[in-house]
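# Architecture at a glance
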Amino acid sequence: MNPSSPYPAASRVRHALDAAREELAGHLDARPEEIVFTSGATEAANLVLGHFARQREQTLLIGATEHPCIRESAQSGVAKVDILPVQPQPDGRIAPLKLAERLRAKPRPALVAIMAANNETGTENDVEAIARVCREAQVPFLCDAVQWIGKRPLGALRHADGLLGSAHKFGGPKGVGFARLGAALGDLRGARGGQQEGGRRGGTENYPGIAAMVAALRSAQATVEDAQAIATREAWRSRFLERVRGLGFGVAGSEAANLWNTVLLLPPLGERMRWVMRLAKRGFAVSTGSACSTGRESASAVLQALGIPDATARRAIRISSGRESSESDWQALADAIECILADLSAEDAPATVVRI
Ligand code: PLP
């Protein structure tokens, strides 16, 4: 049923779509008119940054560890793109003071885009402080909150002028997401060809996907708002890190502010695909660096931005847990890593020369 059709049965879908929009807006402390449903965060990033990128003689300021959908949309037009560095490893965060300094310099950007949490390392930015700095400088702030939503409280995102979210990162279906567009971003238009989404995104809305996305957010929020449940997950991750660090592994990203479900491990030896394959044999699905760039040979741009040496960055493996993962899953993973490390050390040891 198409929510835009005129027959009475379609109005049921239209009302259900309105209800989903209101519920999502309620979670985000936004007005329903600020929500634009999209096919995911990539489309939402294209909608916002594509608009700004088309403006001549403007500068867009983006964080050094942004997802390619932000970086490439920003670079898709004629606007100039400036990159704001992150603090080097072991921090990996945008320093709000450095941002404030940059916003006092010329040219003043037309838009700042900084993510809430990084998809490779899980490192979290201080979104509230960044929003404050942008507001004081009167520069609109777009926040890619894809990794944050469903893992951390949504209140921290309230003061960003624009937000991007993707259902599949908080337990919903793939191929559906949204942008929250505050008034400071101006009058934006994404896909053309229909008047859906207040004329800002043409194309029939994916109502089943949207309903599932909002239900997934409702369910994820129950865990996020349970401080004890989150503290327990953080403790599992910390114990895992203590163990692997003891085996000689490095960990990329912030020690102080990191999502409880993400770890970017830097193994002391072994090529990354050997780790991926051996962990897969033991039942663990892990990625190399960013899943989006799997197959490319270079070290990830995020790890380069953190100042991690190329040879180490090329070994990086990324682990993500789910809400359903347990302490024994983390322990079993540490056991598997310990066994694989022992095997790889034995295989890579120089052959013993036997005199006869
Ligand atoms: N931003 C971040 C931080 C992501 O991790 C992802 C996807 O993994 C995206 C944007 C793109 O989201 P989507 O797959 O909905 O286009």
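Refer to the structure printed above.
What counts as what
- Residues numbered from 1 in each chain as written.
- Predicted model: local features only at pLDDT ≥ 70, side-chain atom pairs only at ≥ 80, totals over all residues.
- Heavy atoms only, no water.
- Near = heavy atom within 4 Å.
- Polar contact = N/O pair within 3.5 Å; in protein donor to acceptor, adjacent residues only side chain to side chain.
- Salt bridge = Lys/Arg side-chain N within 4 Å of Asp/Glu carboxyl O.
- Helix = DSSP H or I, 4+ residues; strand = E, 2+ residues; numbered from the N terminus.
- Buried < 20%, exposed > 50% of the residue type's maximum accessible area, 1.4 Å probe, protein only.
- Axes fitted to C-alpha atoms, helices over the stretch in contact; angles between N-to-C directions.
- Parallel < 35°, antiparallel > 145°, perpendicular 65-115°, else oblique.
- Left-handed = near helix turned anticlockwise from the far one by under 90°.
- Contact = heavy atoms within 4.5 Å.
- Nonpolar A, V, L, I, M, F, W, Y, C, P; charged D, E, K, R; others polar.
- Pairing = 2+ DSSP bridges.
- Core = buried A, V, L, I, M, F, W, Y, C linked by side-chain atoms within 4.5 Å.

With that settled, the discussion passes to the site of the ligand. Close to the ligand lie 13 residues; Ala 41, Thr 42, Asp 144, Gln 147 and Ser 166 are nearest. Between the ligand and the protein, one listed contact pairs an oxygen atom with a backbone N or O atom of Ala 41 at 2.9 Å. Gln 147 places a side-chain nitrogen or oxygen 2.8 Å from an oxygen atom of the ligand.

One pass over the full model with this rule turns up 20 salt bridges. Among the ionic pairs, Glu 347 bridges to Arg 274, the shortest N-O distance being 3.1 Å. On the criterion of sequence distance, the pair formed by Glu 347 in helix α11 (residues 327-348) and Arg 274 in helix α8 (residues 272-281) is long-range, its members being 73 residues apart. With a shortest N-O distance of 3.3 Å, Arg 274 and Asp 348 are connected by a salt bridge. Pair noted here: Arg 274 is in helix α8 and Asp 348 is in helix α11, with a separation of 74 residues, a long-range link. For Arg 274, a relative accessible area of 26% puts it in the partly exposed group. For Asp 348, a relative accessible area of 42% translates into the label partly exposed. Ionic contacts of the salt-bridge type, sharing partners, join the residues Arg 31, Glu 33, Glu 34 and Arg 180 into one network.

Here we take up the packing of helix α4 (residues 96-104) against helix α5 (residues 127-137). Where α4 contacts α5, the two axes come as close as 9 Å, and the packing angle between them is 15°. It follows that α4 is roughly parallel to α5 by the angle criterion. Viewed along their axes, α4 and α5 form a crossing whose handedness is right-handed. Residues Pro 96, Leu 99, Ala 100 and Leu 103 of α4 form the contact with α5, whose participating residues are Ala 129, Ile 130, Val 133, Cys 134 and Ala 137. Looking at the contact of α4 with α5, its residues break down into 9 nonpolar, no polar and no charged.

To continue, consider the sheet that holds strand β5 (residues 141-144). The strands making up a sheet associate through hydrogen bonds between their backbones, and the pairing can be parallel or antiparallel. Taken together, the 7 strands give an open sheet; going across it, the order is β1-β7-β6-β5-β4-β2-β3, and neighbouring strands pair in mixed fashion. Among the strands making up the open sheet, the edge pair consists of β1 (35-38) and β3 (80-84). The mean angle between the axes of side-by-side strands here comes to 20°, regardless of whether they run parallel or antiparallel. Both strand β6 (residues 162-166) and strand β7 (residues 177-181) contribute to a ladder of 5 bridges, which runs antiparallel. Its bridge partner being in β7, Gly 162 is matched across the sheet by Leu 181. Across the sheet, helix α2 (residues 41-53) touches β1, β2 (59-63), β4 (111-113), β5, β6 and β7, and the angle it forms with β6 is around 150°.

Relative to the assigned elements, Arg 192 resides in the loop between β7 and α6 (207-224). With relative accessibility at 63%, the residue Arg 192 sits in the exposed group. A sequence separation of 11 residues divides Arg 192 from Gly 203, and the C-alpha atoms of the two residues are 7.9 Å apart.

Time to look at the nonpolar core. Counting residues in each nonpolar core, the largest one holds 56 residues, and the members touching the most others are Leu 24, Leu 99, Leu 103, Val 112, Phe 141, Leu 157 and Leu 303. Secondary structure elements with two or more residues in this core: α1 (8-27), β1, α4, α5, β5, α6 and β9 (262-266). Dropping the residues within four chain positions of it, Leu 103 is found in contact with Leu 61, Arg 108, Pro 109, Val 112, Val 133, Cys 134, Ala 137 and Val 139. With 25 residues, the next largest nonpolar core counts Leu 60, Ile 62, Ala 79 and Ala 113 among its residues.

Function-wise, these values are silent; they only describe arrangement.
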